[in-house]
Amino acid sequence: FAYGSFFERKDNLKKILSFDYKLLIELNKKDSLSLNGEMDLVKSIIKNFESSGRKFRGFDMYLHSDAPPGSGLGSSSTMAVALVGLLRNYFSIPITEYEVAELAYKIERKDLKIVGGKQDQYAASFGGFNLIEFYKDKVIVNPLRIPRQIINELEYNLILCYTGKTRLSSNIVQKQIDYYKDNRTDTVQVMEDMKKMTIEMKNALLVGKLEDFAEMLHISGIQKRRMNPFATDNYIDELYEEARLSGVIGGKVLGAGGGGYLLLYCPIQKRTKVTEKLEKLGGSVMSFCFESHGLQTWNF
């Protein structure tokens, strides 16, 4: 989760504290919203609301996230969605989950020019299991009605392993974009193949064919490396290969790759052996669970 809290002040001072970066900034000058590398995401979102006519009084804002930046878990986009939701709630603006996701996307990708797609913003805004269709002029989110026992079994057999490395996803994504623009055969073909596999993986989940899902997870990991060789490195490949030898059926590096987390499907009988092998090699197995809700805001 990514969290934001907002408290009004009686003066005009605006304070933002990030627990993750141990950073406090005060916005008490006309130039205080200038982008200088310190909480630029927060400043851009505030500027966006101000440009639409919203007036801020003094406030204290507190931010923190469960996942580190550069982890491949969409942490920055989740924070962007949380911030948009926080201010949507404060100003009582009636905008939908689609509009929240689009605004978070605009601020990250267009205003701040952080290279990437739209999937993280929509995943955070809506939550749950979805088949998300991206068109040139619209996005359609299709919720999947996966039976609870299938979700439980999937969660029970998945391992989330932190590689101990973070990275700038935009650098890796830019390489992938360059490959696509250069019409690199592997990149273009793999993108087409992965789009088709999305439907197959969705079908496998709906009917509970989890080992088929795991095999496709393995294939998608191989395709990811074909599409962009920078998605993994020798250490990540070693972690995955040793996990496979210990009982993992399939898995892949999450996000753009290059670090962050591996998601692995492992029958429960092999879990202890796989976990011990990963941790011996320097990986960290993390607890997680699926979340059916997306953005949530409340007053108290």
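Residues numbered from 1 in each chain as written. Predicted model: local features only at pLDDT ≥ 70, side-chain atom pairs only at ≥ 80, totals over all residues. Heavy atoms only, no water.

## Here's the deal with the pairing of strand β8 (residues 250–253)
To keep it simple, the criterion reads: Here the term buried applies to any residue with accessible area under 20% of the maximum for its type, exposed to any over 50%, and partly exposed to those in between, with areas from a 1.4 Å probe on protein chains only. Numbering goes from the N terminus for both helices and strands, where a helix is a DSSP run of H or I of at least four residues and a strand is a run of E of at least two. If DSSP finds at least two bridges between two strands, the strands pair.
Burial of β8 is two-sided: the residues Gly-250 and Lys-252 facing one way and the residues Gly-251 and Val-253 facing the other way are all buried. Note that β8 and strand β9 (residues 261–265) share four bridges and pair antiparallel. Looking at β9, one finds that Lys-252 is bridged to Leu-263.

## Looking at the nonpolar core
What counts, and what does not: Side-chain atoms within 4.5 Å link the members of a nonpolar core, which is a set of buried Ala, Val, Leu, Ile, Met, Phe, Trp, Tyr and Cys residues. Contacts are residue-level and defined by heavy atoms, with any inter-residue pair within 4.5 Å sufficient.
Ranked by size, the top nonpolar core spans 33 residues in total, and within it Ile-16, Ile-45, Phe-49, Met-61 and Leu-83 carry the most contacts. If you list the elements that add at least two residues to this core, you get β1 (2–8), α1 (40–51), β4 (59–65), α2 (75–91) and α3 (97–111). With nine residues, the top contributor of residues to this core is α2. Sequence-distant contacts of Ile-45, that is, excluding residues within four places in its chain, are made with Ala-80, Leu-83, Val-84, Leu-87 and Ile-107. Formed by 23 residues, the second largest nonpolar core is a distinct cluster that contains Leu-154, Met-201, Leu-205 and Ala-214.

## What about the environment of Leu-112?
Residue position: Leu-112 is located in the loop between α3 and α4 (119–126). Assessed through its relative accessible area of 18%, Leu-112 is described here as buried. Each C-alpha atom, one on Leu-112 and one on Gly-283, is 32 Å from the other, the two residues being 171 residues apart in sequence. Not counting chain neighbours up to four residues away, the residues in contact with Leu-112 comprise Leu-35, Asp-40, Leu-41, Ser-44 and Ile-107.

## Points about the packing of α3 against α4
What counts here: In this analysis an axis means a line fitted to C-alpha atoms, helices contributing only their contacting stretch, and an angle means the value between N-to-C directions, from 0 to 180 degrees. In a left-handed crossing the near helix is turned counterclockwise from the far helix by less than a right angle, and in a right-handed crossing that turn is clockwise. By the convention adopted, Pro, Cys, Tyr, Trp, Phe, Met, Ile, Leu, Val and Ala count as nonpolar, Lys, Arg, Asp and Glu as charged, and the other residues, Gly among them, as polar.
At their nearest, the axes of α3 and α4 sit 9 Å apart, and the two run at 145 degrees to each other. You can see that α3 and α4 cross each other, and the crossing is right-handed. Residue-level inspection shows Glu-97, Tyr-98, Val-100, Ala-101, Glu-102, Ala-104, Tyr-105, Glu-108 and Arg-109 of α3 in contact with α4, the latter providing Gln-121, Tyr-122, Ser-125 and Phe-126. Its residues assigned to classes, the contact of α3 with α4 comprises seven nonpolar, two polar and four charged.

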